[in-house]
Amino acid sequence: MKELIGLTREELTQEMLSIGQKAFRAKQLWQWLYFFGETDFDKMTNLAKPFRQLLKQNYTITRPKVITEQTSTDGTRKWLVEFSDGARVECVYIPESDRGAVCISTQVGCAQGCKFCHTGTQKCQRNLTVGEIVGQVMVARDSYNEWPTKTDENRMLSNIVVMGMGEPLCNFENLKKALAIFNDGDGMAISKRKITVSTAGRADKIPELADIGVKLAVSLHAPNDKIRDKIMPINHKFPLEKLINACKEYQKRSERRMFITMEYVMLKDVNDSLECAEELSQLVKGLEVKFNLIPFHPWPGAPFECSSTNQINRFSKLLENKYFAAPIRRSRGKDIMAACGLLKSATKK
Ligand code: SAH
Ligand code: SF4
């Protein structure tokens, strides 16, 4: 049996041709899978019975298994999902004033080992497949009853942020295919401008995100290599000069010179001085960026503390005085451990 979720449009078409079907059958099937979100071949009523039979005998349509679903007092919803090999990841729906974003994972664990990140304390068990990446958004849509696909204007789950577990650009081939599935206008129809990919700094891959057309967020977290080296091991391979150049290339190549979100986790006495803010403003010269200041979320055994609210406000003010947007990210879903950097995977024993 072969799984259908995760095949790209081209792959599905090839697959149908290989079993002697016409290409338009692939289009109809695609719509059932990704526009209607249907999981039962018998309900695909515009497909001839013998064709449905053939599909049933040879293919499966699988959702990741939802192990738990928790909803926070602030409306944030988190799912722990399990894949066929027992690997588990978490994904989160974060409501904003204007609808909201589904935050999805790309790896089981993460190999980058950023010192402030709970996910980083676990090793990377494996990459997620295309179907497993796409499946997380499908689970969210199941949960919010958003099938068949609504238009951009009237859906709750309006955006996707690839900010869950794992470094997305270390699973780039699968991510690219997943993005193509999200974008397809006959299916889930989520436009590229509503998708943000966050990277810890794979400078070698960043420019390609401009060609794909999705938004970029960078986990910057430090104004110089000295500090960044200490908290983000990836900086040894891709130091700030390389990273900033990659960001420039991204903006040069992106159609409408899309601004970049620079994520900055506020760590007490590590990266939160006003000198750091000053240095930061110099570092991003020549780029169009907005900052996103993230209060550090502590976890058991974490070697850092969060900066004081006063200090975060001062840091933000200094950047704003230099005409940067520097909002402080509100923590969402803290009561259900859904906040940034707290996601973890539990593999079934
Ligand atoms: N791996 C990707 C995306 C996932 S993490 C990346 O690193 O960009 C989403 C954001 O949360 C990143 O900016 C990450 O650095 C930040 N983060 C990680 N641990 C955190 C913590 N304990 N508190 C606050 N933010 C954290
Ligand atoms: Fe991985 Fe991102 Fe956590 Fe770093 S911050 S360990 S890249 S998930």
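As a reminder, the structure under discussion sits directly above these lines.
Residues numbered from 1 in each chain as written. Chains lettered and ligands numbered in written order. Predicted model: local features only at pLDDT ≥ 70, side-chain atom pairs only at ≥ 80, totals over all residues. Heavy atoms only, no water.

**Considerations on the pattern of salt bridges**
Item 1. Within the structure shown, the criterion is met by 21 salt bridges.
Item 2. With a shortest N-O distance of 2.8 Å, Lys-2 and Glu-15 are connected by a salt bridge. One end of the pair, Lys-2, is in strand β1 (residues 2–3); the other, Glu-15, is in helix α1 (residues 9–18), with 13 residues separating them in the sequence.
Item 3. In this structure, Arg-330 engages Glu-96 in a salt bridge whose closest nitrogen and oxygen atoms are separated by 3.9 Å. Taken together, the residues span a long stretch of sequence, with Arg-330 in the segment after α11 (309–321) and Glu-96 in the loop between β5 (88–95) and β6 (100–103) at a distance of 234 residues.
Item 4. Residue Arg-330 is classed as exposed on the basis of its relative accessible area of 55%.
Item 5. With a relative accessible area of 44%, Glu-96 lands in the partly exposed category.
Item 6. Connected through salt bridges with shared partners, the residues Asp-211, Glu-249, Lys-252 and Arg-253 form a single ionic network. (Salt bridge = Lys/Arg side-chain N within 4 Å of Asp/Glu carboxyl O. Helix = DSSP H or I, 4+ residues; strand = E, 2+ residues; numbered from the N terminus. Buried < 20%, exposed > 50% of the residue type's maximum accessible area, 1.4 Å probe, protein only.)

**Description of the nonpolar core**
Item 1. Core analysis: the biggest nonpolar cluster contains 104 residues, and Phe-116, Phe-182, Met-262 and Phe-291 have the highest contact counts within it.
Item 2. If you tally residues by element for this core, the top one is helix α4 (residues 130–143), at seven residues.
Item 3. In this structure Phe-116 touches His-221, Ile-231, Met-232, Val-265, Leu-267, Phe-296, Trp-299 and Phe-304, once residues within four positions along its chain are discounted.
Item 4. In terms of nonpolar packing, the next biggest core, distinct from the first, is built from five residues, Val-92, Ala-101, Cys-103 and Val-161 among them. (Core = buried A, V, L, I, M, F, W, Y, C linked by side-chain atoms within 4.5 Å. Contact = heavy atoms within 4.5 Å.)

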